[in-house]
Amino acid sequence: MSRPHPMMFEQALASAVRAPSPHNSQPWRFVLDGETIQVWLDRARVLGVADPLAREARLSCGAAAFNAVVSLRAAGLATVVRTIPEPGEPDLLAVLRLDGNRKSTRSDRDLAEAVFRRHTNRRPFEARLVPPATRVALKSAALQEGGQVEYLDTSGRYSTVTALVRRAEALQENDPAFRAETASWLRHDARAPDGVPTIATGPPPYGTRAVSLRASHANPALPPREFEQDPVLAAVLTRDRGPDAEVRAGMAMQHVLLAATAAGLATSFLSQPFETPQTRDALDRIFDGLGQAHTLLRVGYGQPTATTARRSVADVLTRRATPDVLTR
Ligand SMILES: Cc1cc2nc3c(=O)[nH]c(=O)nc-3n(C[C@H](O)[C@H](O)[C@H](O)COP(=O)(O)O)c2cc1C
């Protein structure tokens, strides 16, 4: 194998931090150990109210790991990813090791480039169909990471799940702890290194909508707009459950998001039903037989909106010379 250039790791880490995370909390730390990248859960950044079990945080770290993999692939480097490789270290979520050279494909380069364009779009989408071939491509993206995409419209689950989204949204809006946590991550300054800046929020909805985006992410200063009534909603699932499945699901989710971005699609999340115990159990029953549903994505066409800032790589990286001993 030809020696990788150090810049390739810098680029992989710069890609990793572009991952999505709930409220842009960025619950990760990285260790660059020779030519190995470790992805650690940062418990101090897990959302205590919305995500007490760190499920969404593990999805986010899986997404960060996938971004790094994609960047290395585009640079002609294959990687092997081991998720939660050490039973005694449950917060070491992924280890990426180089696995020889590989010729990068057009798709690798498209995904690597999409890392820096992908963003959550909370504005209304256009009334334009997502072509069947693109829907299939997103399913295939999830499958490549051991995940699965289930479209709610074709699986007969649309109205039950969207009803749960609305129910969870109402529960959260009436929960002071939830509201306080969400408010604590809202930022007015677009350069703030974490949190959701005002420029990334959407307009308040006008009229009725089939699907409820988070009211707390609607910007009252914008004129109300009509949202699309029946957006394409894609659930990302894995057969297995538990922390390891959550990291893998994060990788699958990110592959779907990047493939969607590369195909010119806009995306956003509907996480409310995963975050309240009452609706979470109902959600489990709805997907019973398919495995564990991890996240729900809204997919469609929309005008690009703002990308949001991140903490710098230097803020989240430890460089190590000595392998196998980790001091945090
Ligand atoms: C697991 C997970 C759940 C999320 N849930 C929501 C959500 O319910 N509503 C929302 O507007 N954004 C949600 N987001 C998007 C984040 O707020 C977003 O990724 C973060 O603010 C960074 O912005 P960006 O995606 O534009 O880079 C979620 C992201 C992740 C990874």
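This text follows the structure it describes.
As the structure is a prediction and not an experimental result, all values here were calculated from the model.

Some remarks on the overall build of the chain
Right, so step 1: The secondary structure content of the chain amounts to ten helices and eleven strands.
Right, so step 2: For the chain, whose C-alpha radius of gyration is 19 Å, the value lies close to the compact-globule estimate of 20 Å for 328 residues.
Right, so step 3: The principal-axis extent of the C-alpha atoms belonging to the chain is close to 60 × 40 × 40 Å.
Right, so step 4: Of all 328 residues assigned to the chain, the portion counted as buried reaches 57%.
Right, so step 5: For the chain, restricting intrachain contacts to residue pairs at least 6 apart in sequence, the fraction spanning at least 24 positions comes to 75%.
Right, so step 6: Per element, the accessible surface of the chain, about 14,200 Å² overall, is 55% carbon and sulfur.

Observations concerning the sheet that holds strand E11 (residues 317–320)
Right, so step 1: Read from one edge of the open sheet, five strands run E3-E4-E2-E1-E11, paired in mixed fashion. Edge positions in the open sheet fall to strand E3 (77–83) and E11, since each of these has one partner strand only. Averaged over all neighbouring strand pairs, the angle between strand axes comes to 20°, with direction disregarded.
Right, so step 2: With five bridges joining them, strand E2 (residues 36–41) and strand E4 (residues 92–101) adopt antiparallel strand pairing. Residue pairing across strands places Val39 opposite Ala94, the latter belonging to E4.
Right, so step 3: In this fold helix H1 (residues 6–16) packs onto strand E1 (28–33), E2, E3, E4 and E11, with an angle of close to 170° to the strand it touches most, E1.
Right, so step 4: Against the sheet, helix H7 (residues 243–262) contacts E3 and E4, and its axis sits at roughly 150° relative to E3.

Observations concerning the nonpolar core
Right, so step 1: Core analysis: the largest hydrophobic core is formed by 59 residues, its most contacted members being Trp28, Phe30, Ile37, Leu96 and Leu138.
Right, so step 2: Among the elements that make up this core, the one with the highest residue count is helix H2 (residues 55–74) (ten residues).
Right, so step 3: Residue-level mapping places this core at the junction of two domains, with at least three residues from each of domain 1 (6–118 + 310–320) and domain 2 (132–300).
Right, so step 4: With near-sequence residues (within four places) excluded, Ile37 lies in contact with Phe9, Ala12, Leu13, Phe30, Val31, Leu32, Leu72, Ala94, Val95 and Leu96.
Right, so step 5: Leu152, Leu270, Phe287 and Ala293 belong to the second largest nonpolar core, which has 19 residues in total.

Side note on the site of the ligand
Right, so step 1: Of all residues adjacent to the ligand, which total 19 residues, the nearest are Arg118, Thr120, Arg122, Ser271 and Arg310.
Right, so step 2: Arg214 is positioned with one of its side-chain polar atoms (N or O) 3.0 Å from an oxygen atom of the ligand.
Right, so step 3: Here a nitrogen atom of the ligand sits 2.6 Å away from a polar atom, N or O, in the side chain of Ser271.
Right, so step 4: Here the ligand has 610 Å² of accessible area as a free molecule, and 98% of this is covered by the chains.
Right, so step 5: With three residues, the top contributor of residues to the shell around the ligand is H2.
Right, so step 6: Of the residues in the shell around the ligand, the class split is five nonpolar, nine polar and five charged.

Looking at the side chain of His255
Right, so step 1: Mapped onto the fold, His255 is located in helix H7.
Right, so step 2: A polar side-chain atom of His255 sits 2.7 Å from a polar atom in the side chain of Glu145.
Right, so step 3: Apart from residues no more than four positions distant in its own chain, His255 is found in contact with Phe66, Leu111, Ala141, Gln144 and Glu145.

Criteria and cut-off values
- Residues numbered from 1 in each chain as written.
- Predicted model: local features only at pLDDT ≥ 70, side-chain atom pairs only at ≥ 80, totals over all residues.
- Heavy atoms only, no water.
- Helix = DSSP H or I, 4+ residues; strand = E, 2+ residues; numbered from the N terminus.
- Rg over C-alpha atoms; globule rule 2.2 N^0.38 Å.
- Buried < 20%, exposed > 50% of the residue type's maximum accessible area, 1.4 Å probe, protein only.
- Contact = heavy atoms within 4.5 Å.
- Areas by Shrake-Rupley, 256 points an atom, 1.4 Å probe, with all protein chains shown as cover.
- Pairing = 2+ DSSP bridges.
- Axes fitted to C-alpha atoms, helices over the stretch in contact; angles between N-to-C directions.
- Core = buried A, V, L, I, M, F, W, Y, C linked by side-chain atoms within 4.5 Å.
- Domains from an automatic or database assignment.
- Near = heavy atom within 4 Å.
- Polar contact = N/O pair within 3.5 Å; in protein donor to acceptor, adjacent residues only side chain to side chain.
- Nonpolar A, V, L, I, M, F, W, Y, C, P; charged D, E, K, R; others polar.

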